[in-house]
Amino acid sequence: MSEALELAHRLLGAAEGEQALALVHSERSGMARFARSEVHQPTLIENDVLELQIVRDGRLGVAAGNRSDEDGIRALAARAAEAADSAPADPDFPGLAPSAEPPRTEGYDEEIAALSAEDQAHLAAAAIDASKLDLYGFFTSGVTELALASTTGLAVAQTMTDASVLALAAVDGASGYAEQTSWRLGGIDPAGASEQAVEKAEQTRGAVSLEPGSYRAVLEPPAFAELLTYFGYDAFSGLSLIEERSYASGKLGERVFDERFSLADDSLDPRGLPKAFDFEGTAKQRVELVEDGVLTGVVWDRTTAKRAGGQLQSTGHAPPSSARHWGPVPFALSVGGGQAASAHELAELVDDGIYVTRLHYLSIVDAREGVITGMTRDGTFRVRGGKIADPLVNLRFTVCVPELLADLPGLTRDPVLLNQSAYYDERYPTGMLSPAVATARFDVTGVGSGPGV
Amino acid sequence: MRELCEQAVAAALGAGASYADARAVVRRSQVVGTRNQRVERLDDSETQGIGVRVLVGGAWGFACDRRLSAEGADAAAQKACAFAKAAPGGHRRDLAPVAPAQGEFRTHLERDPFEVALAEKVELCLRAERALEHEHVKVTSASVRAQREHKVFVSSEGAATEQEFVECGGGIDALASRDGVTQIRSYPSAHGGSSSQAGWEFVEALGLEREAPRVGEQAAALLQAPPCPSQLTTVVIDAEQMELQVHESVGHPTELDRVYGTEAAYAGTSFLKPEDLGSLKYGSEHMNVTADSTTPGGLGTFGFDDEGVPAGREPIVAAGVLSGFLTSRETAAKIGSGSGGSMRADNWSRMPLVRMTNLHLEAGEGSLEELIGGVDQGVYLETNKSWSIDDKRLNFQFGTQIAWEIKGGELGRMLRDATYTGQTPVFWGSLDAVAGPEEWILHGLTNCGKGQPGQHAHVSHGTSPARFRDVQVGFKQ
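Computed from a predicted structure; not experimentally measured.

Draft legend 1. The arrangement of the overall build of chain B in detail. Of the regular secondary structure elements, chain B holds 10 helices and 23 strands. Computed over its C-alpha atoms, the radius of gyration of chain B comes to 23 Å, within 12% of the 23 Å expected for a compact globule of 477 residues. Its C-alpha atoms give chain B principal-axis dimensions of about 70 × 55 × 35 Å. Across the 477 residues of chain B, 64% fall into the buried class. Sequence separation of 24 or more characterises 76% of the internal contacts of chain B that already satisfy a separation of 6 or more.

Draft legend 2. Fine view of the packing of helix 4 (residues 117–129) of chain A against helix 5 (residues 190–202) of chain A. Residue and element names in this part refer to chain A. Viewed as axis vectors pointing N to C, helix 4 and helix 5 meet at an angle of 30 degrees, and their least axial separation amounts to 7 Å. For the element pair helix 4 / helix 5, the angle class is roughly parallel. Both helix 4 and helix 5 take part in a crossing whose hand is right-handed. For the pair formed by helix 4 and helix 5, the contact residues are Leu123, Ala126 and Ala127 on the first element and Pro190, Ala191, Ala193 and Ser194 on the second. Its residues assigned to classes, the contact of helix 4 with helix 5 shows six nonpolar, one polar and no charged.

Draft legend 3. Examining the domain arrangement of chain A more closely. All names here are of chain A. Domains assigned within chain A are domain 1 (3–202) and domain 2 (213–447). Counting residues at the interface gives 35 residues for domain 1, matched by 30 residues for domain 2. Mapped onto the side of domain 1 that touches domain 2, the elements with two or more residues apiece are strand 1 (19–35), strand 2 (38–56), strand 4 (135–150), strand 5 (155–171) and strand 6 (174–182). Residues belonging to the side of domain 1 that touches domain 2 are distributed by class as follows: 14 nonpolar, 14 polar and seven charged.

Draft legend 4. Representation of the pairing of strand 6 (residues 160–178) of chain B. All names here are of chain B. Among the 19 residues in strand 6, 14 count as buried, and that is most of the element. In this structure, strand 4 (residues 102–106) lies alongside strand 6, joined through five bridges in parallel fashion. Residue pairing in the sheet places glycine 103 in a bridge with threonine 161 of strand 6. Here 17 bridges tie strand 5 (residues 137–155) to strand 6, and the two strands are oriented antiparallel to one another. Among the inter-strand pairings, valine 137 is bridged to a residue of strand 6, identified as alanine 176. Turn length for the strand 5-strand 6 hairpin, with the two strands adjacent in sequence and antiparallel, is four residues, and the turn residue glycine 158 shows positive phi of about 105 degrees. Sheet analysis places strand 6 next to strand 8 (residues 194–196), joined by three bridges and oriented antiparallel. Of the residues in strand 8, the one forming a bridge with glycine 169 is serine 195. Taken together, the seven bridges between strand 6 and strand 7 (residues 181–187) define a ladder with antiparallel strand orientation. Along strand 7, the bridge assignment pairs serine 177 with threonine 182. What sits between the antiparallel neighbours strand 6 and strand 7 is a turn of two residues, in which aspartate 179 has the positive phi angle 50 degrees.

Draft legend 5. Molecular detail of helix 5 of chain A. All names here are of chain A. For helix 5, which comprises 13 residues, the first-to-last C-alpha distance of 19 Å matches the rise-based estimate of 18 Å (1.5 Å per residue) to within 8%. Turning to helix 5, its buried residues number three or more, namely Pro190, Ala193, Ser194, Ala197, Val198, Lys200 and Ala201. Taken down its axis, helix 5 places every buried residue within 165 degrees of arc, on the same side. Of the surrounding secondary structure, the elements contacted by the buried residues of helix 5 are helix 4, strand 4, strand 5, strand 6, strand 12 (353–366) and strand 13 (371–384).

Draft legend 6. Examining helix 3 (residues 118–132) of chain B more closely. In this model, helix 3 of chain B (15 residues) spans 22 Å end to end at C-alpha, consistent with the 21 Å of a helix rising 1.5 Å per residue. For helix 3 of chain B, the complete set of buried residues consists of Leu118, Lys121, Val122, Leu124, Cys125, Ala128, Glu129, Ala131 and Leu132 of chain B. Where helix 3 of chain B is buried, its residues touch helix 2 (70–86) of chain A together with strand 1 (19–35), strand 2 (38–56), strand 5, strand 6 and helix 5 (208–222) of chain B.

Draft legend 7. Structural detail: the domain arrangement of chain B. Residues and elements named next belong to chain B. Taken as a whole, chain B is organised into domain 1 (2–222) and domain 2 (231–475). Per-element tally for the side of domain 1 that touches domain 2: the top contributor is strand 2, with five residues. For the side of domain 1 that touches domain 2, a count of residues per class yields 18 nonpolar, 18 polar and eight charged.

Draft legend 8. Spatial organisation of the interface of chain B and chain A. In this complex, chain B contributes 73 residues to the contact, which on the side of chain A involves 79 residues. The greatest single-element share of the side of chain B that touches chain A, amounting to 12 residues, is contributed by strand 2 of chain B. For strand 3 (residues 59–65) of chain A and strand 2 of chain B, the ladder comprises three bridges, and the chain directions are parallel. Paired with alanine 64 of chain A across the two strands is serine 45 of chain B, which belongs to strand 2 of chain B.

Draft legend 9. Here's a closer look at the sheet that holds strand 12 (residues 321–322) of chain B. Residues and elements named next belong to chain B. Strand order in this open sheet of four strands is 12-11-10-15, and the pairing throughout is antiparallel. A strand with exactly one partner marks an edge of an open sheet, and here the two such strands are strand 12 and strand 15 (359–361). With four bridges connecting them, strand 10 (residues 289–292) and strand 11 (residues 313–318) associate as antiparallel partners. Of the residues in strand 11, the one forming a bridge with threonine 290 is proline 315. Sheet contacts for helix 6 (residues 239–251): strand 10, strand 11 and strand 15; angle to strand 15, the most-contacted strand, approximately 115 degrees.

Draft legend 10. Quick peek at the packing of helix 1 (residues 2–14) of chain B against helix 2 (residues 70–86) of chain B. All names here are of chain B. For the pair helix 1 and helix 2, the least separation of the axes is 8 Å and the interaxial angle reads 35 degrees. Crossing handedness for the pair helix 1 and helix 2: right-handed. Across the interface between the two elements, Leu4, Gln7, Ala8, Ala11 and Ala12 of helix 1 pack against Ala70, Ala73, Asp74, Ala76, Ala77, Gln78, Ala80 and Cys81 of helix 2. Across the contact of helix 1 with helix 2, the residue classes tally to 10 nonpolar, two polar and one charged.

Draft legend 11. Spatial organisation of the pairing of strand 9 (residues 287–291) of chain A. All names here are of chain A. Inspection of the sheet shows strand 8 (residues 263–265) paired to strand 9 by three bridges, in the antiparallel sense. Looking at strand 9, one finds that aspartate 265 is bridged to valine 287. By the bridge criterion, two bridges tie strand 9 to strand 10 (residues 294–295) in an arrangement that is antiparallel. From the neighbouring strand, valine 290 faces strand 10, where its bridge partner is leucine 295. Hairpin geometry of strand 9 and strand 10 is characterised by an intervening segment of two residues between the two adjacent antiparallel strands and by a positive phi of about 50 degrees at aspartate 292.

Draft legend 12. Spotlight on the confidence of the model for chain B. Per-residue confidence for chain B gives a mean pLDDT of 96, with 99% of residues at or over 70. Here the complex is predicted with pTM 0.97, and the ipTM for its interfaces comes to 0.95.

Draft legend 13. View of unusual backbone geometry. Note the cis peptide between tyrosine 187 of chain B and proline 188 of chain B, where omega equals -5 degrees. With respect to the helices and strands, the residue proline 188 of chain B is situated in the loop between strand 7 and strand 8. The omega torsion across glutamine 452 of chain B and proline 453 of chain B is 5 degrees, close enough to zero to call that bond cis. Topologically, proline 453 of chain B is positioned in the loop between strand 21 (441–450) and strand 22 (455–463). Notably, glutamate 244 of chain A is not glycine yet its phi reads approximately 60 degrees, a positive angle. For glutamate 244 of chain A, the location among the structural elements is in the loop between helix 7 (238–242) and strand 8. Positive phi values are uncommon outside glycine, yet arginine 393 of chain B reaches one of about 70 degrees. Relative to the elements of secondary structure, arginine 393 of chain B occurs in the loop between strand 16 (377–389) and strand 17 (395–407). On the basis of neighbour counts, which here come to 26 C-beta atoms within 10 Å, the residue arginine 393 of chain B falls in the buried class.

Criteria and cut-off values
- Residues numbered from 1 in each chain as written.
- Chains lettered and ligands numbered in written order.
- Predicted model: local features only at pLDDT ≥ 70, side-chain atom pairs only at ≥ 80, totals over all residues.
- Helix = DSSP H or I, 4+ residues; strand = E, 2+ residues; numbered from the N terminus.
- Rg over C-alpha atoms; globule rule 2.2 N^0.38 Å.
- Buried ≥ 20, exposed ≤ 12 C-beta atoms within 10 Å, placed from the backbone.
- Contact = placed C-beta atoms within 7 Å.
- Axes fitted to C-alpha atoms, helices over the stretch in contact; angles between N-to-C directions.
- Parallel < 35°, antiparallel > 145°, perpendicular 65-115°, else oblique.
- Left-handed = near helix turned anticlockwise from the far one by under 90°.
- Nonpolar A, V, L, I, M, F, W, Y, C, P; charged D, E, K, R; others polar.
- Domains from an automatic or database assignment.
- Pairing = 2+ DSSP bridges.
- Expected span 1.5 Å × (residues − 1).
- Arc of directions from axis to C-beta.
- pLDDT = per-residue confidence, 0-100.

Here it is in structure tokens:
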């Protein structure tokens, strides 16, 4: 039994209630963050968060802490009990998850687990040394363990590793971006990411403006993944569907997107950042969200599945309890690949349009309609005659995502893994598998600053 | 906790650090959230630990440990030094001189929020929610929060401070939906309400239940309101949306670490350059922005920042001219001005960054009614709904929950889905009036993100409604 699961059982032993769920979330991580080619924010974190959910007469209370001594555990249990006693009973409370064997997943790499702080700094140095321009970004790696034990017999634990390098090569008037994420150290090449960012940056010098309007566009994987992530929060959540906030409301079963577009949530895929179970302890399962352009499903946790009624069951998408108000979250989106060998091939399909590397500061203007605004950055170009041409300044876009997805002339064959974690709060590595896409409609509504720092 | 911090600093110096500081933090938080008359969140969490920051050979190192013990303090110090020694780059970092701070600070409060029973908090939320109910309102929600943070700071230069901060807040939302259209109204702010560094009396004074019927009715009324037409026009913006306008287009660009590029990979940089100080025309003569970490009730109010620099009040924009930056000791030394005072860390497990403290748009004169009275044709915009701004903080687009047509100096019909867009200095240059002190409201937000690994800062902004000419207003674009 892992140390985290042992700790979860100790915590469970202190609970006084008819049902209880103990969760331990451990993190050992390091991040060497750099700017102008030197590390300026190096952060090493070690923490174990203990959480106890207690159910008394159908009333649920939650308390969390990070003390694992007996006094700390007793105090935490007392606070959880007080919280439960303070809540009115919820007739729709689904109860705690039953005991179940989680699926076997990959996602743990000894090499990452063995990295020392010095190793992490040296991997950051590998990225910096490979850049001819000032480099901004980070190398980070971590070991995260999630363990749950409950009075219903649940006893599950998973240890995960993750590593990411982010490289922004930038000077005044030029910037380029690249990133890599993997649960295996062998999947990360800091120098390669750095060189890719430099190559992109060199192409952005002399950026020109662009008239607002509707353009055909190529979106590289980081750009498309971020747009879909924002869209997916509401569009593919069971809570949003129940509350009629989702784009999918009233449209399940309808063909609403290009038939080349298929989307799933798949935490079990070894190409991603695999997870075996969610924060309620329910086994993860692959959920088809869009099949050949047809909206086919959304994700559920235990609470929303019960509230929706019928035969619905949790799909294993409960978020941490501190984010319960989000409802179930598709943390592992995966877009099916297309036929194109490269983004350059997509530019040929676009013929006349724009090419976007990365997005910045997205905001949902209308969740129900899927309207999202944001900026492009670090590699925006004009596409002319099917070739990448003039560099462009950063563009403001306001797009209706369903319209963008309604006509996709092409997608690249091999989706790549994009990091979707900004490492707020406790580390819980999430990523999305996305190809590059060509779209017939990308609405540019303004222009901003040029590339570079 | 002070002894542990002293031990950590001594251990860091022993391991080769030329400078070290240690922060020991114990934070307790409670969140109660209800949604459609069900308790959605009833959480009581506590976290504690020590964070040690060192300079070794001019390179920073930071490490933390959850154990508030001698072992934890030593381990954090040793790891921070090892990380700094391994850091690549040609390092040289100077810190602006500051007298070693000694002192205490404590939030002034009347009613300790942790003495208020959780059941009372739940009941408050449920009552406010019931008052939101309306035929077309499909989702009602209410939340309240409380936080207490005990923090001890010790540096190798002899600083030693002890502070205790208490925050409270709350908010309500009504989501109306009909025929595929959804609209939301919130009070007192969108995105989780408003918070203050105060006791429970702040939450009681919000009057969530009192305001709820208006909020529910407006959400429902928006379903039938026409969309805001696209036009170049005069806008009057309410104090709550002005809070975000100040935050995004003045606060972040004047953070000096962004100006020097250290946030480039994530939050972005700034259109400002160090040499712009004292000369750059940021806005019209009506624009006066002040950074003030002494504001009573402000979430950015403290006795000392996380480098031990005492609280203060500094002009950032004076009569439209850039007059100051938000700084750390390192960036202040770099620009050769000031001694920092804006360094704040999210809890014990993060390194301090340059953050806004309390950043205010100083009041002008007159009432909101008088601002509107000065508009022949325009739009009044209220309560944030969406927000986005480019990586140098130039091009922005904001959406508001509700708007009203202004005709002949009076409010007319309600409009939905309004957005407005602009370029920061052009927009602020079009500012032609700020309402007076009687309209000035202090808002507190808890979701300001920055840094890698990410950090949330709690920040307050005092603002009055303001009027801008020739602004591009649109409908979801």
